[in-house]
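Overview (structure and organization)
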Amino acid sequence: MNSGVGALRCEVFHTKLLLPHEIMDTIGVNLQAVKQRIAHAARLCGRDPADVALIAVSKTFDADAIAAAHAHGQYAFGESYVQEAVEKIAALPDLALEWHFIGAIQSNKTRPIAEFFHWVHSVDRLKIAERLSAARLAGLAPLQVCIEVNIGNEHTKSGVAAGEALALARAVSRLPRLKLRGLMTVPTPSADYAQQRRYFSQLRQIKDDIVSAGVALDTLSMGMSGDFEAAIAEGATLVRVGTAIFGARTRD
Ligand SMILES: *Cc1c(COP(=O)(O)O)cnc(C)c1O
């Protein structure tokens, strides 16, 4: 792509000498490739690559895979299942990692989510937000949250309808132990770049409308392995990438 690629390859091989585990090599190479793609997509639309943060989605992969990604400079990780995530967080006490909960939230799981995570991307109703706020310990920083919006996805009921996003954002922004940061979406998968951009531009528009209505938001959490370039073109500030870093999942 450009001369930077050669320099990065050298770095990967150098790391390989220090840490000669197959899994680390693969994850390290994949991470570098994803970061290159993020930087390229950002520059193509005149954005600073530093304004797009990468969340490595480690669901179904074990603590060793997370430690390997961390050894290659990754510190933000996304998880979808509370029990599985809490076990991995407990297994990695010495690493300064940032944990993002991105899965469906059952109301009886709000306490461990509020206790162990830094961010929650999948708030889609007030009752869940209230429980997260109530469970967030006073000694911790406020829980950073995004509201999940259902854009064009008839197959799932997760996410608030677009027309209800402003009212939910207003209510969530008033909760004491939460810090409302922005919006998240998981659109219907599409291989078509133009269609991907249409979905993501809708989320960006909803965010702009909410900001115009006086609720501060600075985050758009959108884009996965198959569509993060389109998401970046539409203003994503957080991309959630699993498969392109850790490989295909055997379960979901
Ligand atoms: C699994 C998951 C991802 C990552 O998906 P990939 O296609 O593996 O990159 C991102 N966001 C959410 C909400 C997920 O559940």
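Cut-off values and rules
Residues numbered from 1 in each chain as written. Predicted model: local features only at pLDDT ≥ 70, side-chain atom pairs only at ≥ 80, totals over all residues. Heavy atoms only, no water. Phe/Tyr/Trp six-rings, centres within 6.5 Å; stacked < 30°, edge-to-face > 60°. Helix = DSSP H or I, 4+ residues; strand = E, 2+ residues; numbered from the N terminus. Buried < 20%, exposed > 50% of the residue type's maximum accessible area, 1.4 Å probe, protein only. Contact = heavy atoms within 4.5 Å. Near = heavy atom within 4 Å. Polar contact = N/O pair within 3.5 Å; in protein donor to acceptor, adjacent residues only side chain to side chain. Areas by Shrake-Rupley, 256 points an atom, 1.4 Å probe, with all protein chains shown as cover. Nonpolar A, V, L, I, M, F, W, Y, C, P; charged D, E, K, R; others polar. Disulfide = S-S within 2.5 Å.

Some points on the packing of aromatic side chains
Applying the stated criterion across every chain yields a total of 3 aromatic pairs. On the numbers, 5.9 Å between centres and 40° between planes, the contact of phenylalanine 77 with tryptophan 99 is tilted. On the criterion of sequence distance, the pair formed by phenylalanine 77 in strand S2 (residues 76-79) and tryptophan 99 in strand S3 (residues 98-101) is long-range, its members being 22 residues apart. Residue classification places phenylalanine 77 among the buried residues on the basis of a relative accessible area of 0%. Look at phenylalanine 101 and phenylalanine 117: their rings are 5.3 Å apart centre to centre, the planes differ by 80°, and that puts the pair in the edge-to-face class. Taken together, the residues phenylalanine 101 in strand S3 and phenylalanine 117 in the loop between helix H5 (110-116) and strand S4 (119-123) connect sequence positions 16 residues apart.

Structural notes on helix H4 (residues 82-91)
Helical periodicity: at 3.6 residues per turn, an α-helix aligns residues three or four positions apart in one direction. Those residues of H4 that sit buried are Val82, Glu84, Ala85, Val86, Lys88 and Ile89. Where H4 is buried, its residues touch helix H3 (63-71), S2, S3 and H5.

Re the site of the ligand
Surveying the vicinity of the ligand reveals 13 residues, the closest of which are Lys59, Ser225, Gly242, Thr243 and Arg249. In the model, an oxygen atom of the ligand is placed 2.5 Å from a nitrogen or oxygen of the threonine 243 side chain. Bound to the protein, the ligand loses 88% of the 390 Å² it would expose on its own. When its residues are assigned to classes, the shell around the ligand shows 6 nonpolar, 4 polar and 3 charged.

Here's the deal with the state of the cysteines
Under the defined criterion, the tally for this structure stands at 0 disulfides. A disulfide-free cysteine, cysteine 45 has its sulfur positioned 19 Å from the sulfur of cysteine 146, the nearest such atom.

Overview of helix H6 (residues 126-135)
Of all the residues in H6, the buried ones are Ile128, Ala129, Leu132, Ser133 and Ala135. Elements that come into contact with the buried residues of H6 comprise H5, S4, strand S5 (143-148), helix H7 (165-173) and strand S6 (178-184).

These values are about where atoms sit, not about what they do.
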